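Listed here are the chains, written in short residue letters.
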Amino acid sequence: MRQGLIGRRTFIAGCALVVGGLAAIPTRASTVIGKASDVRGKVSLKRAERQEGLATGAQIMDNDYVATGTHSFADLALEGDTRILLGSETALLLDSFIAGQGGTMELGMGQIVFDRPEGLPKIDLALRTTFGMIGVRGTKFFCGPNRGVFAVFVEHGQVSVDGGGVRRLVGAGEGIEIARPGDAPTQTVKWKEARIVEAYASAGLTR
């Protein structure tokens, strides 16, 4: 899919500091936090200094770094009924995660759908990206390149998006855009169904 104003090379270049810093993260004791419930195509897992292919059913641990290749997808089922779908050419660091509480994750590049069913206790999770920080309290949302910009869309619940010194609260049915790293997020707008379907499809999810 063409990314318009944000070409793939530009987006990857903007993420270089995030991805390049992963190797410097110190090794620590890891805890199993879930599993790969579905893997399609070429997906790799880096744990400590070892990198290998990720297969369906494999365990996911704290501090794992998961990366998908071209036309590849991964569905990660984490403890506490939390699901993360990784789209094609996506890199995600599961920095820390505690079921029912939250933690921190880092999106190096690509697009994800974070899904936590309504009605469950809220969690406190921070998702770092090159374009800004996303604060999660238990919800379902998409984030990543879409129609030439970095976009965030919330299906249910609410997230906060911090970028360029500005914070936006994004509620159910709303989305924001960030044109470049360092820019402030736009005002929230209601997304139409066609764009929602398109965004979810980029993360391997059929609406």
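Residues numbered from 1 in each chain as written. Predicted model: local features only at pLDDT ≥ 70, side-chain atom pairs only at ≥ 80, totals over all residues. Heavy atoms only, no water.

A. Local environment of helix H3 (residues 193–202). For H3, the full list of buried residues reads Arg195, Ile196, Ala199, Tyr200 and Ser202. All buried residues of H3 fall inside an arc of 155 degrees around its axis, so they share one side. Its buried side turned inward, H3 meets strand E6 (73–78), strand E10 (112–115), strand E13 (140–146), strand E14 (149–156) and strand E17 (174–178). Downstream of H3 by a residue or two, Gly204 has a phi angle that is positive, lying close to 80 degrees. (Buried < 20%, exposed > 50% of the residue type's maximum accessible area, 1.4 Å probe, protein only. Helix = DSSP H or I, 4+ residues; strand = E, 2+ residues; numbered from the N terminus. Arc of directions from axis to C-beta. Contact = heavy atoms within 4.5 Å.)

B. Focus on the pairing of strand E9 (residues 102–109). For E9, the buried fraction is high: six of the eight residues fall into the buried class. Pairing analysis gives six bridges linking strand E8 (residues 91–98) to E9, with the strands arranged antiparallel. Its bridge partner lying in E9, Leu92 is registered against Leu107. What sits between E8 and E9 in their antiparallel hairpin is a turn of three residues, with Gly100 showing a positive phi close to 80 degrees. (Pairing = 2+ DSSP bridges.)

C. Spotlight on the nonpolar core. Leu76 and Phe141 are the most contacted members of the largest nonpolar core, which has 36 residues in total. In this structure, Leu76 is in contact with Lys35, Ala36, Leu54, Ile60, Val66, Thr82, Arg83, Ile84, Leu86 and Leu94, ignoring residues within four places of it in sequence. In this structure, Leu85, Val113, Phe153 and Ala199 belong to the second largest nonpolar core, which totals eleven residues. (Core = buried A, V, L, I, M, F, W, Y, C linked by side-chain atoms within 4.5 Å.)

D. Region of interest: the sheet that holds E6. What the nine strands build is an open sheet, ordered E4-E1-E6-E7-E10-E13-E14-E17-E18; its pairing is antiparallel. Looking at strand neighbours, the two that pair on one side only are strand E4 (59–61) and strand E18 (189–190), the edges of this open sheet. As paired strands, E14 and E17 are joined by four bridges and run antiparallel to one another. The residue of E17 that forms the bridge with Val152 is Ile176. Against the sheet, H3 engages E6, E10, E13, E14 and E17, with an angle of about 80 degrees to E13. (Axes fitted to C-alpha atoms, helices over the stretch in contact; angles between N-to-C directions.)

E. Layout of the pairing of E17. As defined by bridge partners, E17 adjoins E18 across two bridges and the pair is classed as antiparallel. If you follow Gly175 over to E18, its bridge partner there is Val189.

F. Spotlight on the environment of Tyr200. With respect to the element layout, Tyr200 can be found in helix H3. Residues Tyr200 and Leu85, 115 residues apart in the sequence, show an inter-C-alpha distance of 9.3 Å.

G. How the structure looks around the pattern of salt bridges. Applying the stated criterion across every chain, the model contains twelve salt bridges. Of the charged contacts, one joins Asp95 and Arg128 as a salt bridge, the two residues approaching to 3.1 Å between their closest N and O atoms. Here Asp95, found in strand E8, pairs with Arg128, found in strand E11 (residues 124–129); they are 33 residues apart in sequence, far enough to count as distant. Overall, the relative accessible area of 24% leaves Arg128 in the partly exposed class. Two residues, Arg128 and Glu106, come together in a salt bridge whose shortest N-O distance is 2.6 Å. Note that Arg128 is positioned in strand E11 and Glu106 in strand E9, a separation of 22 residues in sequence. On the basis of relative accessible area, Glu106 is assigned to the buried category, the value being 14%. Three or more residues joined by partner-sharing salt bridges are found here, namely Asp95, Glu106 and Arg128. (Salt bridge = Lys/Arg side-chain N within 4 Å of Asp/Glu carboxyl O.)

H. Representation of the sheet that holds E9 in the model. With mixed pairing, the nine strands of this open sheet are ordered in space as E3-E2-E5-E8-E9-E11-E12-E15-E16. Each edge of the sheet is formed by a strand with only one pairing partner; in this case those strands are strand E3 (50–53) and strand E16 (166–170). Shown here is a sheet whose adjacent strand axes are inclined to one another by a mean of 20 degrees, direction ignored. Pairing of strand E2 (residues 43–47) with E3, which is carried by four bridges, proceeds in the antiparallel orientation. Residue pairing across strands places Arg47 opposite Arg50, the latter belonging to E3.

I. Representation of the packing of aromatic side chains. All chains considered together, the criterion is met by four aromatic pairs. Aromatic pair Phe131 and Phe150: ring centres 4.7 Å apart, planes at 10 degrees, arrangement stacked. Of this pair, Phe131 sits in the loop between E11 and strand E12 (132–136) while Phe150 sits in strand E14, and the two are 19 residues apart along the sequence. Considered together, Phe131 and Phe150 belong to a single accessibility category, that of buried residues. With a centroid separation of 5.0 Å and 20 degrees between ring planes, the pair formed by Phe153 and Trp191 is classed as stacked. Highlighted residues: Phe153 in strand E14 and Trp191 in the loop between E18 and H3, separated in sequence by 38 residues. You'll find Phe153 and Trp191 in the same group, each marked buried. One aromatic cluster in this structure is built from Phe153, Trp191 and Tyr200. One Lys or Arg, Arg195, reaches over the ring of Trp191 and ends 4.2 Å from the middle of that ring. (Phe/Tyr/Trp six-rings, centres within 6.5 Å; stacked < 30°, edge-to-face > 60°. Lys NZ or Arg CZ within 6 Å of the ring centre and 35° of its normal.)

Any link to function would need more than the numbers given here.
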